[in-house]
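# Observations on the model geometry
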Amino acid sequence: MQVLKNRSTVFIMIFLLTLMFMPAVSYAADDEADDIKYTVNADNELDFDEDDFNEVCEDLTGETLDYVKFSLPSSSKGVLYYDYDDGDYDSKVTSTKKYYYDDDPSIDDITFVPNEDYSGTVTISYQGFDTDDNEFSGDIKIAVKAGSSSSGDIKYSVDTDDTVDFDEDDFNDFCEDENDESLDYVTFTLPSSSKGILYYDYDGKNEKKIKSTEKYYYDGDPSIDDITFVSDEEYSGTCSITFKGKDSGGDTIEGTVTIAVGSQDAEEEANPIYLSGNAGSPVIMHDMYFNKVCKEVLDNTLHYVKFTLPAASSGTLYYNYSTADVSSTVTASTKYYYDDKLPYLDKVSFVSAGTGAGTYTIKYTGYDTEGSSFTGEVKITTSAASAKTGGGSLYFGDVKDNYSWAVLYVDTLYSTGVITGGNASGGTQYFNPGTPITRGDFMLYLSKALNLSSANATSNFSDVPAGSYYYDAIAAAKALGIAQGSNNKFYPAATITREDAMTLALRAMNLSGNSVGTGDNSHLLKFTDNATVSSYAKEAVAALIKAGIINGSEGRINPKNTITRAESAAMIYRIKY
């Protein structure tokens, strides 16, 4: 027993000595912390937040942050200042100095001031030390956008070493907004040649620069439409060009064109976009997906996309594809626009070369409305062509290639129980995609998509038959104030106009918690027939345009036209998803 006791004593002493001389846990500099991410405009500054640094320190080491040391960014991208005060600063940050979490000099007093001519992502590395002197390293990623461009009256964006064609309608719209008159002509103050050059009738070869004394006309020659801005290959940032002129009544007009010139080397990468279809049939590049990833990456609305063309052995990208007339293939240099500018992104489609099942990847670069860029991939999975003759809807025999743009909307809503069709002889289902939808069917589909119901639905409109398949949906819509009718009638069997469908949709979205906010007159002015929108519908039409739910067609919103069943499926899909 005495031997065991002595052995226990020896073991305890050895254990205690081991603890005394055991080295403390150390986090080497190659133990990376999560990136700290910020966003700033090139004409603004960014204040660091010490809590962001403490948070990554605690996540990595489990201890409170003591101080950090910074590796300085290139001055061509921006400068770190200490105690910066709108240009009146004490000193620049140095790489050898310690900046503390809870002491002076404080991390909270560090400001990053971007170079006004830079846009892109700035990476600033740092070394951190916690209160136990454990060391770690991390990166600060600062997305610098090409100026706020808020002062620009007419805005364009362009790649570095690319061109922008001026649009006379943009200048006329601005003139009409300012003076309530059509534009006559403008003259331009020429930009610095280090940023870019304005050419007239540019074809990539000529050297005919515009003159600051020359008048360029809205509806005459020399025309504003024939002016091209060619950015300098070394420049990225915002180029501002002032102009002045006369309206058709002889009154003066003045404004600014701002051109966001972005770098060709996009540093932000989006999550993949996943699409599916049938081999040998068009798979539409639905623009809403590209806009969604743009907002996720750059926190801004998409402007346009450029595609990297797939190998011919894989398939082909087409614009405005038709099985009867494949007349236009996508080019790598062409911009395909999300907004109301031609050529439209959602008219681009991919057609696989083979007829068997396959998976294809198409790379692209996207640009937001401020000129910032990102890269991404579209991953397309196709089923064998024999899986569905004609490559149209998997469920409806009358939603074929001529309605390829609607297949995603129709099939998704059908598979989730939102929409229904009918049966033709022989058991084939049909959807009647080109037929105007009735008010009753639209309200039913909208109700199913947004799960509308009301315990207060104790009555209905006088012309909605009891027991009808849309009775409950319309009763709930009436109780919720979505459907207001006229003289206690809803006219469920009548067709519905596009503006009425949008009005019902916005009310339903607001009440179901899917609010998209409000639009304004500027969103309506993008369409040539904006004046035909009824006063009661303007709020709804503007809001749905702003949200990307309604895109219009060929520059028109067609508010008084009836909405087809296929078009209503597209609207409801965008509302739901």
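Overview of the structure. Keep in mind that this is a model prediction, so the values were computed, not measured. (Residues numbered from 1 in each chain as written. Predicted model: local features only at pLDDT ≥ 70, side-chain atom pairs only at ≥ 80, totals over all residues. Heavy atoms only, no water.)

### Some thoughts on the overall build of the chain
- Tallying secondary structure elements over the chain gives 11 helices and 28 strands in all.
- Within the chain, the proportion of its 577 residues that are buried is 45%.
- Within the chain, contacts between residues at least 6 apart in sequence are counted, and of these 71% link residues at least 24 apart.
- Carbon and sulfur atoms form 44% of the exposed surface of the chain, whose accessible area is close to 28,000 Å². (Helix = DSSP H or I, 4+ residues; strand = E, 2+ residues; numbered from the N terminus. Buried < 20%, exposed > 50% of the residue type's maximum accessible area, 1.4 Å probe, protein only. Contact = heavy atoms within 4.5 Å. Areas by Shrake-Rupley, 256 points an atom, 1.4 Å probe, with all protein chains shown as cover.)

### Things to note about the sheet that holds strand β2 (residues 46-47)
- If you trace the 4 strands from one edge of the open sheet to the other, you get β2-β7-β4-β5, paired in antiparallel fashion. Here the strands that pair on one side only, and so sit at the sheet edges, are β2 and β5 (91-92).
- Pairing geometry for strand β4 (residues 78-82) and strand β7 (residues 110-114), over 5 bridges, is antiparallel. Within β7, the position partnered with G78 by the bridge is P114. (Pairing = 2+ DSSP bridges.)

### Points about the pattern of salt bridges
- A full pass over the atoms with the stated rule returns 6 salt bridges.
- E377 is paired through a salt bridge with K379; the nearest N and O atoms lie 3.3 Å apart.
- For E377, a relative accessible area of 24% translates into the label partly exposed.
- A salt bridge links R565 to D441, with the shortest nitrogen-to-oxygen separation between them at 3.5 Å. Here R565 is found in helix α11 (residues 565-576), whereas its partner D441 is found in helix α6 (residues 439-450), with 124 residues between them in sequence. For the pair formed by R565 and D441, the shared burial category is buried. (Salt bridge = Lys/Arg side-chain N within 4 Å of Asp/Glu carboxyl O.)

### Structural notes on the environment of D203
- By secondary structure assignment, the location of D203 is in the loop between β13 (196-200) and β14 (216-217).
- In this structure D203 comes out as exposed when scored by relative accessible area, which is 53%.
- C-alpha of D203 to C-alpha of T228: the two residues are 25 residues apart in sequence and 9.3 Å apart in space.

### Observations regarding the side chain of D529
- Here D529 is to be found in the loop between α9 (521-524) and α10 (538-546).
- The class of D529 is buried, set by a relative accessible area of 6%.
- A polar side-chain atom of D529 sits 2.9 Å from the main-chain amide nitrogen of I557.
- The contact partners of D529, leaving out residues within four places of it in the chain, are G555, R556, I557, N558 and P559. (Polar contact = N/O pair within 3.5 Å; in protein donor to acceptor, adjacent residues only side chain to side chain.)

### Some remarks on the nonpolar core
- M285, F290, F307, Y364 and M571 are the most contacted members of the largest nonpolar core, which has 86 residues in total.
- Contacts of M571, omitting those with residues within four sequence positions, involve F442, A501, M502, A505, I549, I550 and I563.
- Among the nonpolar cores identified, the runner-up in size contains 29 residues, and A42, L46, F48 and Y82 belong to it. (Core = buried A, V, L, I, M, F, W, Y, C linked by side-chain atoms within 4.5 Å.)

### Focus on the environment of I550
- Along the chain, I550 turns up in the loop between α10 and α11.
- Residue I550 is classed as buried on the basis of its relative accessible area, which comes to 7%.
- Distance in space between the C-alpha atoms of I550 and A570 is 8.9 Å, their sequence separation being 20 residues.
- When neighbours within four sequence positions are excluded, I550 is seen to be in contact with R498, M502, L544, I545, I557 and M571.

### Here we look at the sheet that holds strand β15 (residues 227-231)
- Strand order in the open sheet made by the 3 strands is β11-β15-β13, with antiparallel pairing throughout. Unpaired on one side and paired on the other, β11 (163-165) and β13 mark the two borders of the sheet. Going from strand to strand, the sheet's axes swing by 20° on average, the running direction of each strand aside.
- One ladder, built from 5 bridges, connects β13 with β15; its direction is antiparallel. Counted as the bridge partner of Y200 is I227 from β15. (Axes fitted to C-alpha atoms, helices over the stretch in contact; angles between N-to-C directions.)

### Let's talk about the packing of helix α8 (residues 498-511) against α11
- Here α8 crosses α11 at 20°, and the two axes come no closer than 12 Å. Judged on the interaxial angle alone, α11 and α8 are roughly parallel. The interaxial crossing formed by α8 with α11 has right-handed handedness. For the pair α8 and α11, contact is made by R498, A501, M502, A505 and M509 and by E567, M571 and I575, respectively.
- Here the residues of the contact of α8 with α11 are counted per class, giving 6 nonpolar, no polar and 2 charged. (Parallel < 35°, antiparallel > 145°, perpendicular 65-115°, else oblique. Left-handed = near helix turned anticlockwise from the far one by under 90°. Nonpolar A, V, L, I, M, F, W, Y, C, P; charged D, E, K, R; others polar.)

### Comments concerning the pairing of β15
- Burial runs high along β15: 5 of the 5 residues are buried.
- Side-chain alternation along β15 places I227, F229 and S231 on one buried face and T228 and V230 on a second face that is also buried.
- Two elements, β11 and β15, share 3 bridges in a ladder whose sense is antiparallel. Across the sheet, the residue bridging to V164 is F229, located in β15.

That's the geometry; what it means functionally is another story.
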